[in-house]
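# Topology and contacts: notes
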4 protein chains.
Amino acid sequence: MMKRQSALFGVFTLIIGFAYGQKSGPTNPEATEVYEPIPPRVIPGKLGAPPSDAIVLFDGQHFDSWVSSVDSTKVKWHLNKDGSMTVKDKTGNIQTKQNFGNIQLHLEWKSPKEAQREGQNRANSGVFLQQRYEIQVLDNNENDTYVNGQVGSLYKQGVPLAMASSPTGEWNTYDIIYHAPEFSRGGNIVKPATVTLLHNGILIQDHFEIEGTIEYIGWPAYEAHGKAPLMLQDHNDNSRVSFRNIWVRELE
Amino acid sequence: MMKRQSALFGVFTLIIGFAYGQKSGPTNPEATEVYEPIPPRVIPGKLGAPPSDAIVLFDGQHFDSWVSSVDSTKVKWHLNKDGSMTVKDKTGNIQTKQNFGNIQLHLEWKSPKEAQREGQNRANSGVFLQQRYEIQVLDNNENDTYVNGQVGSLYKQGVPLAMASSPTGEWNTYDIIYHAPEFSRGGNIVKPATVTLLHNGILIQDHFEIEGTIEYIGWPAYEAHGKAPLMLQDHNDNSRVSFRNIWVRELE
Amino acid sequence: MMKRQSALFGVFTLIIGFAYGQKSGPTNPEATEVYEPIPPRVIPGKLGAPPSDAIVLFDGQHFDSWVSSVDSTKVKWHLNKDGSMTVKDKTGNIQTKQNFGNIQLHLEWKSPKEAQREGQNRANSGVFLQQRYEIQVLDNNENDTYVNGQVGSLYKQGVPLAMASSPTGEWNTYDIIYHAPEFSRGGNIVKPATVTLLHNGILIQDHFEIEGTIEYIGWPAYEAHGKAPLMLQDHNDNSRVSFRNIWVRELE
Amino acid sequence: MMKRQSALFGVFTLIIGFAYGQKSGPTNPEATEVYEPIPPRVIPGKLGAPPSDAIVLFDGQHFDSWVSSVDSTKVKWHLNKDGSMTVKDKTGNIQTKQNFGNIQLHLEWKSPKEAQREGQNRANSGVFLQQRYEIQVLDNNENDTYVNGQVGSLYKQGVPLAMASSPTGEWNTYDIIYHAPEFSRGGNIVKPATVTLLHNGILIQDHFEIEGTIEYIGWPAYEAHGKAPLMLQDHNDNSRVSFRNIWVRELE
């Protein structure tokens, strides 16, 4: 026990002791200035348009950056005249030819104007980061479902902080910051993936730690993987979700 | 050492052993559905306009949410007819009346059209999170400075990932996700503050861990604090930086 | 940038700001006294003898707490008159009937007086924590081998901080503090196992984080498991290592 | 949502995907053998005697490694003929001349045979790691006190896992593994100190994270410091605690 009396005896020593550890450091402002390396110059885009260093994955002209996830051949989804694409029922998911790790991702999506069906079957699609970790796309307007499966959820893992959708039939933006999981040389998860999501500019996933691959049945778990494609879902129920203006910036 | 031969002896046991620990879990999809609590509905704003749950700090009409940081009286900065405000030289910083912890923050700023002076003296201002942690505002267009003091830096701590400014004289957006530091009951830092910054939509601070209060001279360090105001800087060199459309959403 | 001049302007505010966060707390000594729960009383043993709350796994009288790892029948190793046991070649590993999680473990071992063979084949055995994570037993006296396989190593993972063996043929003590790994509900590693080892009273493993199951070939990796037996190795090369005085205390 | 049907569509892709990330590695045992650097050889001591690489702080012959904490002059405690020392009332704490960081520490202590007074005033002393972090020494035999102040506690912070004392008047051993706290360049705590304590061979502090300097009144907090002496306490109440056989091994 440290007693009042003995504490007094100790004061002299402690003052000496702390003196060794006291905060010290530079005494002029120049000492804490850093000059290198110089960050790259990036020209921003206007109103969601891709910045100068972005990889444009879809600009409405063609599907050149994509293949069918079913058979690796060309995409069978609809290419629309207004610069968007729409899921074609039962043709399967599509995915980028390029593999990605850590990314900033921008995309826009909308549900069909006429709402059809209920719950998970109304305008359901998904953005699969690295082909495995799904951010839900769904028309939740006057259409409830389980909250870990609602629009903007990390499907069956991460309930969004808010329901921030545009009205049915109008465009939504997803701005995503994603860091891939890291694995040990033996294949065990060492650092989980994280995702931050702004839905129409509103923060709804806040550096969320992903627990593993999306599982429709059962608990999520990780299996080691490297860089992998971005995948968009055909939910096989004629959901007819549309996408446009998809670009990524690779992060370190 | 685990030898080939003994490994064989061990196989039977290990199979039994692993059986106890094997992955198991729900076998139907309903078991992993979550229904409560239900996330709030937030109506998004168009083109950077505040969403329905935002606290609007400045909409161009008045300074009602702000006070002078010098003497806690009313703000002496310029209120412009175009819905913006401009720093009035040597009137001091201004800060919100309200204290904040974790926030999503949106604001827009621009430098004067005519560039004046060099380096840290060209359109310098700053956004001080919780009155202590400064995100740099500066006109860096054709105006180099130390990189940990350039536009979008966490001043003298966090070099931005890119230089993503609009041209001199045009509006910039800052979208910020900020988590306040956490302290032990004795006042020591337990969890550092973090900041994510999109400058004109481009990720330039990526969940950056702040090392302590901004120091012009010396190393950063934390001192315990609670919620605190948002502060904007008068750099006292007639920098005449303007701000508009400032809103926050409080995060948990 | 924070300038000298503006820093002066800011001083008043900052003092106010820090006042809210300044360290505060109890002002009398009684406020920080804790009275419950009361830790259990444990009577220490003399000279390595088991304390009053230990589970004695081997006291030299019998193998009642053990089975063969090969066929789960009774142990075929030698029970010696001096209160020790000795590995009987090619009868296989032995393991406790009881499963363990976090433990403090004490055991003693010795190599045969007459050194035989070289490297990994001189008095090789092993202590397998939870049947999977091996602490090496080896006669390293004037017998070099790879350092991540030497006496006291976490085999092929953790080089010991020192080589602290008794002379060949004399008893060694191992005092081990072991925490089992923790897994997610989906089976992924969440917290690695740790081991601290005092070899003859000398710290040679210092809260070492185990990377996964011991692998003779390849990288270590985790597979989910629950509580599991303590296992001792027959290295199948007539190594004739002896053990005695084995006890554990279960930790929370 | 991941549907049964779409999951089937996805199978082919996922198999391909996982193939990239599947566990791979060395296929021969030699690839995972490490040969350097070679750990030092340390000759163990018998029955608590110092190992060959220990710094002997007290062997019963003299106080050459110690000074008074009060005035930095020579120690006024009793040097006994049996190779021990005893606190001399009101002469103040004593401390090593040498400063230490991370250490393994062995010491032995006993209370006087005749118990005097109650609670915190019965044979109270303390082992102050780095002059600041106290492990309690107290005669708790049939003498209750607050549990975060009982024998083996990290005083007012860490309740021991057990009360493992020898009978009043008999020698106790403390075997301690201590890691010093780490501080940022600005002086904030970055990694707390940890302590593991075997009391008479029984684990009673298990990698405990210290919250800050010991406080008799108020909450613990850290202040930056470097290496510092080991200090033993004079509790100023004629507690007459004795010590012997004190040695340390410096850890990295």
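What you are looking at is a predicted structure, and each value in this text was computed from that prediction instead of being measured.

### Describing the overall build of chain A
Per the secondary structure count, chain A includes 1 helix and 15 strands. Computed over C-alpha atoms, the radius of gyration of chain A comes to 24 Å, more than 25% over the 18 Å expected from 2.2 N^0.38 for 252 residues, which places it beyond the range of a compact globule. For chain A, the C-alpha atoms occupy an extent of roughly 80 × 45 × 40 Å along the three principal directions. Of the contacts made within chain A by residues no fewer than 6 positions apart, 64% connect residues no fewer than 24 positions apart.

### A closer look at the sheet that holds strand E8 (residues 133-137) of chain B
Sheet architecture is open: 5 strands sit in the order E2-E5-E14-E7-E8 (chain B), paired in antiparallel fashion. In this open sheet, the two strands that pair with only one neighbour each are strand E2 (66-68) and E8 of chain B.

### Some points on the relation of the copies chain A and chain B
Mapping chain A onto chain B calls for a screw motion: a turn of 180 degrees about the axis and a shift of 0.0 Å along it, with 0.0 Å RMSD after fitting. Both copies of the chain, as the preceding transformation shows, are related through a two-fold rotation axis. Mapped onto chain B, 100% of the interface residues of chain A are again interface residues, and the two copies thus contact each other with one and the same surface.

### Quick look at the interface of chain A and chain B
On the side of chain B, 57 residues touch chain A, which itself brings 57 residues to the contact. Between chain A and chain B, roughly 4,500 Å² of surface is buried when both sides are summed, and carbon and sulfur atoms account for 61% of that area. Broken down residue by residue, the surface that chain A buries against chain B is led by Thr-32, Pro-39 and Trp-219 of chain A, which jointly contribute 12%. Applying the counting rule to chain A against chain B returns 2 salt bridges. Between Lys-46 of chain A and Glu-170 of chain B there is a salt bridge; the shortest N-O distance is 3.5 Å. Our enumeration of links across chain A and chain B arrives at 27 residue pairs in polar contact (both at pLDDT 80 or more). At the level of elements, strand E9 (172-179), strand E12 (194-199), strand E13 (202-209) and strand E15 (242-250) of chain A are the ones that each hand at least two residues to the side of chain A that touches chain B. It is E13 of chain A that provides the largest number of residues to the side of chain A that touches chain B, a total of 4 residues.

### With respect to the side chain of Glu-108 of chain B
All names here are of chain B. The residue Glu-108 is located in strand E6 (residues 103-110) in this model. Among the polar contacts made by the side chain of Glu-108, one reaches the side chain of His-106 at a distance of 2.7 Å. Reaching out from Glu-108, the side chain makes a polar contact with the side chain of Arg-244 at a distance of 2.8 Å. Apart from residues no more than four positions distant in its own chain, Glu-108 is found in contact with Trp-171, Asn-172, Thr-173, Ser-242, Phe-243, Arg-244 and Asn-245.

### As for the environment of Arg-249 of chain C
Tracing the sequence through the fold places Arg-249 of chain C in strand E15 (residues 242-250). Looking at Arg-249 of chain C, the relative accessible area reads 5%, which means it is buried. A C-alpha to C-alpha distance of 23 Å links Arg-249 of chain C and Gly-212 of chain C, two positions 37 residues apart in sequence. With near-sequence residues (within four places) excluded, Arg-249 of chain C lies in contact with Val-42, Pro-51, Asp-53, Ala-54, Asn-102, Ile-103 and Gln-104 of chain C together with Ala-162, Ile-202 and Leu-203 of chain D. A distance of 2.8 Å separates the side chain of Arg-249 of chain C from the side chain of Asp-53 of chain C, its partner in a polar contact.

So, how was this worked out
- Residues numbered from 1 in each chain as written.
- Chains lettered and ligands numbered in written order.
- Predicted model: local features only at pLDDT ≥ 70, side-chain atom pairs only at ≥ 80, totals over all residues.
- Heavy atoms only, no water.
- Helix = DSSP H or I, 4+ residues; strand = E, 2+ residues; numbered from the N terminus.
- Rg over C-alpha atoms; globule rule 2.2 N^0.38 Å.
- Contact = heavy atoms within 4.5 Å.
- Pairing = 2+ DSSP bridges.
- Least-squares fit on C-alpha atoms with pLDDT ≥ 70 in both.
- Buried area = accessible area lost by both parts, 1.4 Å probe.
- Salt bridge = Lys/Arg side-chain N within 4 Å of Asp/Glu carboxyl O.
- Polar contact = N/O pair within 3.5 Å; in protein donor to acceptor, adjacent residues only side chain to side chain.
- Buried < 20%, exposed > 50% of the residue type's maximum accessible area, 1.4 Å probe, protein only.

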